[in-house]
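Tertiary structure, described
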Amino acid sequence: MKNLGKHAIVIGAGMGGLLAARALADFYSTVTVLERDAFPAADTWRKGVPQGRHTHGLLARGSAVLEEFFPGYNDEVVAQSGGLLGDVANDVRWIGHNVTLANGKSDLIGLLASRPVLEGHLRRRLLALPNVHGIEHCAVRGLVSDAARERVTGVRIHAEGRPEETVDADLVVDATGRGSSSAMWLEELGYQPPVSEKVEVGIGYTTRTYRRRSTDLDGKLGIIVAGSAPTWRHGVILAQEGDSWIVSTGGVLGDEAPDNDEGFLAYLATLPTMEIHDIVAGAEPLSGYRRYRYVHSLRRRYETLARFPGNYLVFGDALCSFNPVYGQGMTVAAQEALALQRCLLCAGSNGLARRFFSEAAKIVDIAWDIAVGNDLRNPLVKGARPPMRRFINWYIGCLHVAATRDSTLATAFLKVVNLMVPPPSLLKPAIAWRVWRGNRRAAVPLSRLQSSEPPDNKRIELT
Ligand SMILES: Cc1cc2nc3c(=O)[nH]c(=O)nc-3n(C[C@H](O)[C@H](O)[C@H](O)COP(=O)(O)OP(=O)(O)OC[C@H]3O[C@@H](n4cnc5c(N)ncnc54)[C@H](O)[C@@H]3O)c2cc1C
């Protein structure tokens, strides 16, 4: 690989920062990851990643990219920490539009483990690379530039027990998560802030872990319920390390599950399956209740800025943070790391920011369309619903009806959800024909299926 510079700095050692650093390690003599928190000795939750106490699963695409960067990563998480690899289409029950998709064998392999475990293994693998260093207890406070303010030349840091100092770098990557200060830091250097897009979803997560029995769910590894009318409540139960289940549930626009036993169970009983409720009712709790509020999906449009320092990147959640119920964030960060690698390989570091933001925008577009597009099925979520969006939501509703019996169709849909193939693949004639065939004898004709009022198992009788 080419050497493009002496030193690259990545700010933030979350999944995004660790993946960005891996991509850079092939091109810079030294890569330093600066993290405000301590690196936990055991794989436990930490303050800088509050979402780490809530359900995380790595989609098939994310798991494949991690394997590409760190061969053996997935097996290592399984062997050393008790994570679980599973066929996303066969080992997990997916409920969307109030119907359950048919299970069927596929090559979509996802990785189930808590977020601290996923991150801990990644961090150890990354920091084992000879040219990568991690500095904990080190908060970045701002950027340093050249006199003309054309290039970022380093960062201002505050490391524990030391006065503020400056660290020089040829390239700086902001991977500080959705609370990123890049817009402010760049404004201090005379740059315009990016336009932000927000879609308010008001997601509430209430989460608890439980002992998992081998007989639970007939050995399946989880259930994922995507919110649908009339309650729009979501719920997830996923197997994790330590023979445990992690259960999260909640609603939108301020609807949250209570954090007490009676209320939590009653809330789970409102989901379109009783299976999560029934497991929770009989299982031994392993933690207390935890809550998380996620107000809006947030996309920062750095790719549209006319003037930007060529050697400064914004990455992962700092670039775009998605409604978490779709489980996309870590996989999108992994895809961005691949895009960064491609950008560096193809044309080095010249004009890197412009090229990277343009590639990252293509990745984000897909995940954003899936997440926001589905959120907009709820009539109370504010946002534009052009005719194509309404058609796609109607079509996906029809696909769900057909996929209750057609595992090929279910897998085609899950390939999109797992970011393996782009959404237009679902409009191919062979898929559209299966959708039509699966709906043609449905009790409710296609014309009556409203995108905001999807069918449920009771109303649709497929013969
Ligand atoms: C409730 C919830 C559930 C989710 N579930 C899933 C899921 O199932 N699957 C999935 O793929 N994604 C999921 N996500 C998204 C996922 O957590 C993120 O997309 C992913 O972790 C990428 O984040 P990141 O590394 O960009 O940012 P973060 O994980 O937020 O990491 C940012 C890091 O930067 C550090 N930092 C911040 N400021 C500074 C500073 N000034 N100086 C130094 N360090 C700093 C922080 O301490 C932190 O370590 C979920 C998110 C939420 C909120």
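**Examining the overall build of the protein**
- Across its full length, the protein carries 12 helices and 19 strands.
- At 22 Å, the protein has a C-alpha radius of gyration in line with the 23 Å of a compact globule built from 463 residues.
- Structurally, the protein occupies a C-alpha span of about 70 × 50 × 40 Å along its principal axes.
- Expressed as a percentage of the 463 residues in the protein, the buried residues total 51%.
- Within the protein, contacts between residues at least 6 apart in sequence are counted, and of these 71% link residues at least 24 apart.

**Section: the packing of helix α8 (residues 329–347) against helix α9 (residues 352–375)**
- Interhelical geometry of α8 versus α9 gives an angle of 150° and a closest axis separation of 9 Å. In the crossing of α8 with α9, the sense of the turn from one axis to the other is right-handed. Here V332, Q335, E336, A339, L340, R342, C343 and A347 of α8 come into contact with α9, specifically with L352, R355, F356, E359, A360, I363, V364 and A367.
- Split into classes, the residues belonging to the contact of α8 with α9 amount to 11 nonpolar, 1 polar and 4 charged.

**Quick word on the site of the ligand**
- Taken together, the neighbourhood of the ligand is formed by 37 residues, with G14, G48, G177, G316 and G329 sitting nearest.
- Every element with two or more residues in the shell around the ligand is listed here: α1 (15–25), β9 (138–145), β17 (290–300) and α8.
- For the shell around the ligand, the class distribution of residues is 15 nonpolar, 18 polar and 4 charged.
- Counting contributing residues per domain, the shell around the ligand is built from domain 1 (5–56 + 115–195 + 301–370) and domain 2 (199–295), each supplying no fewer than three.

**What to know about the pairing of β17**
- Direction of pairing for strand β13 (residues 196–211) relative to β17: antiparallel, over a ladder of 10 bridges. Counterpart to S196 in the pairing with β17 is R300.
- Pairing geometry for β17 and strand β19 (residues 320–321), over 2 bridges, is antiparallel. Bridge pairing in β19 places R299 opposite C320.

**Observations concerning the sheet that holds strand β2 (residues 28–34)**
- Spatial ordering of the open sheet is given by β8-β2-β1-β12-β18, a layout of 5 strands whose pairing is parallel. Two strands bound the open sheet, and with one partner strand each, they are β8 (132–135) and β18 (312–314). Taking each pair of neighbouring strands and ignoring which way they run, the sheet shows an average axis angle of 15°.
- Pairing between β2 and β8: 4 bridges, direction parallel. By the bridge assignment for β8, V31 is matched with V132.

**Some remarks on the environment of E188**
- With respect to the secondary-structure elements, E188 resides in helix α5 (residues 182–188).
- C-beta crowding within 10 Å serves as the criterion here: with 12 such atoms nearby, E188 is assigned to the exposed category.
- Spatially, the C-alpha atoms of E188 and L143 are 8.6 Å apart, while their sequence positions differ by 45 residues.

**Things to note about the pairing of β9**
- Sheet topology places β9 next to strand β10 (residues 152–159); 7 bridges connect them, and they run antiparallel. Residue V140 lies in a different strand from β10, and its bridge partner there is I157.
- Following β9, the chain reverses through 6 residues before pairing antiparallel with β10; R149 in that reversal takes a positive phi of roughly 60°.

**Points about helix α4 (residues 115–127)**
- Taking 1.5 Å per residue, 13 residues should reach 18 Å; α4 reaches 18 Å between its end C-alpha atoms and fits that length.
- With respect to burial, α4 is a largely interior element, 10 of its 13 residues being buried.
- Those residues of α4 that sit buried are R115, P116, V117, L118, E119, G120, H121, L122, R123 and L126.

**Let's talk about the packing of helix α11 (residues 407–417) against helix α12 (residues 429–439)**
- Between α11 and α12, the least distance of the axes is 10 Å, while the angle of their chain directions is 130°. Judged on the interaxial angle alone, α12 and α11 are oblique. Where α11 crosses over α12, the handedness of that crossing is left-handed. In contact with T408, L409 and A412 of α11, α12 contributes I431, R434, V435 and G438.
- Residue composition of the contact of α11 with α12, by class: 4 nonpolar, 2 polar and 1 charged.

**Quick look at the environment of T206**
- Locating T206 in the fold gives a position in strand β13.
- With 23 C-beta atoms counted inside 10 Å, the residue T206 sits in the buried group.
- Between the alpha carbons of T206 and G161 there is a distance of 37 Å; along the sequence they are 45 residues apart.
- Not counting the four nearest positions on each side in its chain, T206 is found in contact with S248, T249, G250, E256, A257, D259, F264, Y289 and R291.

**With respect to the nonpolar core**
- V10, A20, A21 and L24 are the most contacted members of the largest nonpolar core, which totals 132 residues.
- When residues of this core are assigned to their parent elements, the largest contribution, 12 residues, is made by α9.
- Once residues within four sequence positions are removed from consideration, A21 is found in contact with V10, V31, V33, L126 and V132.

**Regarding α11**
- When you tally the buried positions in α11, you get 8 out of 11 residues, the bulk of the element.
- Among the residues making up α11, those that are buried are L409, A410, T411, A412, F413, L414, K415 and V417.
- Positive backbone phi, at 60°, marks L419, one or two positions downstream of α11.

**With respect to the confidence of the model for the protein**
- For the protein, mean pLDDT is 94; residues scoring 70 or higher make up 95% of the total.
- Overall, residues 443–463 carries pLDDT values under 50, and its contacts beyond four positions in sequence, including any with other chains, amount to 48 contacts.

**Some remarks on the domain arrangement of the protein**
- Segmenting the protein into domains produces domain 1 (5–56 + 115–195 + 301–370), domain 2 (199–295) and domain 3 (387–448).
- Of note, the centres of domain 2 and domain 3, computed from C-alpha atoms alone, are 27 Å apart.

Criteria and thresholds
- Residues numbered from 1 in each chain as written.
- Predicted model: local features only at pLDDT ≥ 70, side-chain atom pairs only at ≥ 80, totals over all residues.
- Helix = DSSP H or I, 4+ residues; strand = E, 2+ residues; numbered from the N terminus.
- Rg over C-alpha atoms; globule rule 2.2 N^0.38 Å.
- Buried ≥ 20, exposed ≤ 12 C-beta atoms within 10 Å, placed from the backbone.
- Contact = placed C-beta atoms within 7 Å.
- Axes fitted to C-alpha atoms, helices over the stretch in contact; angles between N-to-C directions.
- Left-handed = near helix turned anticlockwise from the far one by under 90°.
- Nonpolar A, V, L, I, M, F, W, Y, C, P; charged D, E, K, R; others polar.
- Near = placed C-beta within 6 Å.
- Domains from an automatic or database assignment.
- Pairing = 2+ DSSP bridges.
- Expected span 1.5 Å × (residues − 1).
- Parallel < 35°, antiparallel > 145°, perpendicular 65-115°, else oblique.
- Core = buried A, V, L, I, M, F, W, Y, C linked by C-beta atoms within 7 Å.
- pLDDT = per-residue confidence, 0-100.

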